[in-house]
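# Reading the structure
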Amino acid sequence: MINWTHVFRTYIPHLTVIGIGVLVALIFHQVLTDLMDQQHIDTSSFHDNKYKALLLSPSSILTVLSAIRDLLQKQMQSILSLRKEALFSPAVEACFVSLVVMILIVKMDNPTYLLSFATFKAPKEWKVSHEQIIEMMKRQGCFTEDSLDFMQRLLERSGTGQSTAWPPGIVRTLEGKAPDRSIEGSRKEAETIIFDIVENAMRKAKVHPKDIDVLVINCSLFSPTPSLCASVISKFQMRSDILSYNLSGMGCGASLLALDLAKNMLHRRRMGGKALVVSTEIITPNLYVGNERAFLLQNTLFRCGGAAMIISNRWLDGSRAWLKLLHTVRVQNPSEDAFQCVFECEDSEGIRGVRLSKDIVKVAGKTMEKNLTTLGPLVLPWSEQAKVAFSVVAKFVMKKLFGKRVNVYVPDFKRAVDHFCIHAGGRAVIDGIEKNMKLEKFHTEPSRMVLLNYGNTSSSSIWYEMEYIMNEQKTNPLRKGDRIMQVAFGSGFKCTSGVWLKL
């Protein structure tokens, strides 16, 4: 489905530039015509080479510019004195009014464009099968047989494939070497992933490192000093006045939060600019080496990955942008159960890890419901919003008068959104969202395929899904004017969503 309002707002900056050129041409034409009438020159002489040479002479150009200046001064005096005398032709005045309206619309639109993005493709040496993952766990020398059997069962039900990426510091155990979970090994993993995706994203967008005005990197569990932002700035020799922000501890939903921060920083700049957003998670220092089941899930689900995005809020970048950001919504669940749902702590033996609650799917569902309640009025057609309002009133009336419980109508987001990028947090998460939102199989195909091919890459997973929709999906091909919704969840517990327009 195509929303022509979004399309019009996307291309109106270019129409404005064309309109300015037309306005200038009309003014020059009016002045030239008036000067030729004063000198009793036939306008048909425009095609005479002698008159063309005369018009292009320096003296003629100065005369025309002087006449335009006088005309503009008279028009200003006419406006200030409130005279009704029309000095410009109706065509010039109509063009000017149209330009003013178009500029006002552009100012109100305040666009954010995605110029490019790139995802990390791990080398063959990093990829392992389920059997190799269990073998790596055995070689850590810390897991009991019960824990190994439990992780084996988790892997079989996880929805992940037989060729997903683990960092070299852990994979090296398959060669008989000791695992390397040091700060040096962690930084090596981070730099390998981040430098690769940043370089590819800038190359695709044809952007030089010194063109970047804002840099935001989110990585939840690895926050070294100097920061990851400092590493990128040093590696690519970015400007000394770049605004850089390093986000940590925000979980799998952090990518859209980082994007929203970058967008807000760009909109504070009077002349606009470009921002680089990087989303990743580092596995090397975060392997759990204990035996409590609530902590073991992280060892079987998370994988190496990352994504880098280049965004711009400059009007003229719309012509080469891939996508336009329409809305971002973030919702935080403040309850204690939600706060404890994904929690980094130590187990009973003092071993650090991330504890995942059994209620995570239930908490994610409730938080997403609040998020979509906020997002709905921004994207849903009036007919769907009216059904929701009617069902809320009906529920209240039936409960008060008859004591009966009536379910609130669940709006059909498929009427407002064409494609869905649901965080590949696990098979149960995808199944639950597909059921609750009444999505078709092809809507959740990108999430399932990313989970199969890459595993849970944390905050970057929604960009692997976006890449799948843009380049690979055949069951629901992406077309210009389509809208894409990204939904992700993070510790705390939070749900973030974003809606994009394909240009």
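Here goes a summary of the coordinates provided. In every chain, residue numbers begin from 1 and rise along the written sequence. A pLDDT threshold of at least 70 governs which residues receive local features in this predicted model, and a stricter bar of 80 or more applies before side-chain atom pairs are shown or counted, although totals over entire chains, interfaces and linings include all residues. The basis for every side-chain value is the complete set of heavy atoms in the structure, and neither hydrogens nor water enter the calculation.

What follows covers a nonpolar patch on the surface. A surface patch of nonpolar side chains, about 510 Å² in accessible area, is lined by Ile-20, Val-24, Phe-28, Ile-61, Leu-62 and Leu-65. Numbering of helices and strands runs from the N terminus; a helix is a DSSP stretch of H or I covering at least four residues, while a strand is a stretch of E covering at least two. Every element with two or more residues in the nonpolar patch is listed here: helix H1 (4-38) and helix H3 (58-80). Position of Ile-20 among the secondary structure elements: in helix H1. Here a patch means residues that are over 30% exposed by relative accessible area and free of salt bridges, tied together within 9 Å if like-charged and within 5 Å if nonpolar (Val, Leu, Ile, Met, Phe, Trp, Tyr). Working definition of accessibility: Shrake-Rupley area with a 1.4 Å probe, residue cover restricted to the visible protein chains. Put simply, a salt bridge is a Lys or Arg side-chain nitrogen that is within 4 Å of an Asp or Glu carboxyl oxygen.

Right, let's get into the pairing of strand S10 (residues 352-356). Both strand S9 (residues 342-346) and S10 contribute to a ladder of five bridges, which runs antiparallel. When the sheet's bridge partners are listed, Phe-343 is paired in S10 with Arg-355. The pairing criterion is simple: DSSP has to find at least two bridges between the two strands. In this structure, the hairpin formed by S9 and S10 is closed by a connection of five residues, where Gly-350 is found at a positive phi of approximately 80°.

Turning our eyes to something else, we now look at the packing of helix H15 (residues 427-436) against helix H16 (residues 441-454). Orientation of H15 relative to H16, taken along the N-to-C sense of each, is 170°, at an axis distance of 11 Å. As the angle between them shows, H15 and H16 are arranged roughly antiparallel. Contacts between H15 and H16 pair Arg-427, Ile-430, Asp-431 and Glu-434 from the former with Lys-441, Thr-444, Ser-447, Arg-448 and Leu-451 from the latter. Basically, the charged four are Asp, Glu, Lys and Arg, the nonpolar ten are Ala, Val, Leu, Ile, Met, Phe, Trp, Tyr, Cys and Pro, and anything else, Gly included, counts as polar. Residue composition of the contact of H15 with H16, by class: two nonpolar, two polar and five charged. Here an angle of 0 to 180 degrees is reported between the N-to-C directions of two axes, which are lines fitted to C-alpha atoms, with helices fitted over the stretch in contact. Orientation is classified from the angle alone, with under 35 degrees giving roughly parallel, over 145 giving roughly antiparallel, 65 to 115 giving roughly perpendicular, and any other angle giving oblique. Throughout, a residue-residue contact means that at least one pair of heavy atoms, one from each residue, lies within 4.5 Å.

Our focus in this paragraph is the layout of surface pockets. Cavity and pocket criteria rest on a 1 Å grid covering protein atoms alone: a 1.4 Å probe that fits but cannot get out defines a cavity, protein on both sides within 12 Å along at least 5 of 7 lines defines an open pocket, and an atom within 4 Å of a point defines a lining residue. Grid points are joined across faces, edges and corners, and a volume is the space filled by probe spheres set on the points. Space inside the largest pocket adds up to approximately 1,200 Å³. In terms of lining, the largest pocket is formed by 48 residues, of which the most central are Leu-297, Leu-301, Phe-302, Leu-356 and Ile-360. Residue contributions to the lining of the largest pocket peak at seven residues, all from helix H11 (residues 293-301). A class-by-class count of the residues in the lining of the largest pocket yields 24 nonpolar, 17 polar and seven charged.

Tracing the sequence through the fold places Ser-461 in helix H17 (residues 461-471). Beyond its immediate chain neighbours, meaning those up to four positions away, Ser-461 contacts His-423, Ala-424 and Val-450.

Strand order across the open sheet formed by nine strands is S5-S4-S6-S7-S1-S8-S13-S12-S11, with mixed pairing between neighbours. The sheet is open, and its two borders are formed by strand S5 (243-247) and strand S11 (419-422), each paired with just one other strand. Adjacent strand axes in the sheet meet at a mean angle of 20°, parallel and antiparallel pairs treated alike. Contacting strand S1 (113-119), strand S7 (305-312), strand S8 (323-332), S11, strand S12 (483-490) and strand S13 (494-502), H17 runs over the sheet at an angle of about 100° to S1.

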